[in-house]
Amino acid sequence: MKIAIIGTGNLGLAIAKGILHSNGATTMYLTKRNTADIEDFEKYGNVTVTNDNNEAVKNSDILIFAVQPGHFESILYDIKNELGEKHVIMSTITGFGIDKIESIIGSDKYIIRTMPNTAISVGKSMTCICSNGLGQKRIELAKAIFNRMGHSLEIPEEQMQAATVICASGIAFWMRLIRATTQGAIQLGFDAREAQELAMHTCNGAASLLIESGSHPEEEIDRVTTPQGCTISGLNEMEHQGLSSSLIRGIVTSFEKISDIRKG
């Protein structure tokens, strides 16, 4: 596949790494206004680094846009005359709807919105995907690309903002929970390196149990809680202190914020 990533910032770079590490591209163009810090990617041999978006579009079939929301519209206007029947447009831009993309480049294009997270760089992204009518013909292509770098789920476009909070912002939420577990382990006597190792791998194991077994979280909780035991005592204290309600309130607050940003 001939892939171009338009806007190789943090997310674009994570996507590039994920695709390259999974050998998911025949050729790849990476664009950025200042290319100095991504020039090393040309060592892959099939990667071209440029600040010319039009060059990248001309030489690619799949265009993955990972630019700042404020720049996306002008970039679409700049490259629209280079778009042809072969091009599949994949946007990762938060709050920029398919209808707005269509108003610039037309509804006769394969348009797909994707919402990956930064775990894509290690092949563990949770990516949500939706499309316009024509783009439905390329949904399986999009899922094939992103499934090589984690897991993907097709959802209605109206749920994309919520997916941004759960999957993209969610990386930060889970990092904070891992950090809190690390701090607790330090207080119990482990050094900082050991504490983080314990927290990271326990978190990974918990998620893997659910993924592999298909169990509900409470089923797995029941397996490790005993009457009057230390696990249920700890869980109950966390709930008394508002663990679940705080996490839910944080998720809802993030969703309200992203909704306000889109209105603005």
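Figured I'd write up the structure that's included with this text. (Residues numbered from 1 in each chain as written. Predicted model: local features only at pLDDT ≥ 70, side-chain atom pairs only at ≥ 80, totals over all residues. Heavy atoms only, no water.)

1. Focus: the packing of helix H3 (residues 69-79) against helix H4 (residues 98-105)
So, step 1. Contact pair H3 / H4: the axes reach a minimum separation of 9 Å and the direction vectors enclose 30 degrees. Relative to H4, H3 is oriented roughly parallel. Of the two possible hands of crossing, H3 and H4 adopt the one that is right-handed. Seen from H3, the contacting residues are Phe-72, Glu-73, Leu-76 and Tyr-77; seen from H4, they are Lys-100, Ile-101, Ile-104 and Ile-105.
So, step 2. Residue composition of the contact of H3 with H4, grouped by class: six nonpolar, no polar and two charged. (Axes fitted to C-alpha atoms, helices over the stretch in contact; angles between N-to-C directions. Helix = DSSP H or I, 4+ residues; strand = E, 2+ residues; numbered from the N terminus. Parallel < 35°, antiparallel > 145°, perpendicular 65-115°, else oblique. Left-handed = near helix turned anticlockwise from the far one by under 90°. Contact = heavy atoms within 4.5 Å. Nonpolar A, V, L, I, M, F, W, Y, C, P; charged D, E, K, R; others polar.)

2. Thoughts on unusual backbone geometry
In terms of backbone geometry, most residues other than glycine have negative phi values and most peptide bonds are trans.
So, step 1. One non-glycine residue, Asn-23, lies in positive phi territory at about 50 degrees.
So, step 2. Summarising the element assignment, Asn-23 is placed in the loop between helix H1 (10-21) and strand S2 (27-31).
So, step 3. Located in the positive-phi region is Gln-228, a residue other than glycine, with phi close to 60 degrees.
So, step 4. You can see Gln-228 is positioned in the loop between helix H8 (217-224) and helix H9 (230-240).

3. Brief notes about the environment of Ser-213
So, step 1. Mapped onto the elements, Ser-213 comes out in helix H7 (residues 192-213).
So, step 2. A distance of 2.5 Å separates a polar atom in the side chain of Ser-213 from the backbone oxygen of Leu-209. (Polar contact = N/O pair within 3.5 Å; in protein donor to acceptor, adjacent residues only side chain to side chain.)

4. Re the state of the cysteines
By definition, a disulfide is the covalent link that joins the sulfur atoms of two cysteine residues.
So, step 1. Counted by the stated rule, this structure contains zero disulfides.
So, step 2. Considering cysteine sulfurs only, Cys-167 is the nearest to Cys-128, which forms no disulfide, with 4.1 Å between them.
So, step 3. Here Cys-130 stays unpaired: no disulfide links it, and the sulfur of Cys-128, its closest cysteine neighbor, is 9.1 Å away.
So, step 4. The class for Cys-130 is buried, based on a relative accessible area of 3%. (Disulfide = S-S within 2.5 Å. Buried < 20%, exposed > 50% of the residue type's maximum accessible area, 1.4 Å probe, protein only.)

5. Let's talk about the packing of helix H6 (residues 160-187) against H7
So, step 1. Their axes nearest at 8 Å, the elements H6 and H7 cross at an angle of 135 degrees. Taken together, the axes of H6 and H7 are oblique relative to one another. Here H6 and H7 pass one another in a crossing that is right-handed. Across the interface between the two elements, Trp-174, Ile-178, Thr-181, Thr-182, Ala-185 and Ile-186 from H6 touch Ala-192, Ala-195, Gln-196, Ala-199, Met-200 and Cys-203 from H7.
So, step 2. Class assignment of the residues belonging to the contact of H6 with H7 gives a composition of nine nonpolar, three polar and no charged.

6. Some thoughts on the pairing of strand S8 (residues 150-154)
So, step 1. Sheet topology places strand S7 (residues 125-131) next to S8; five bridges connect them, and they run parallel. Note on S8: the bridge partner recorded for Ser-125 is Gly-150.
So, step 2. The parallel pair S7 and S8, bridged by helix H5 (residues 139-147), forms a crossover whose chirality is right-handed. (Pairing = 2+ DSSP bridges. Right-handed = clockwise from strand over helix to strand, strands pointing away.)

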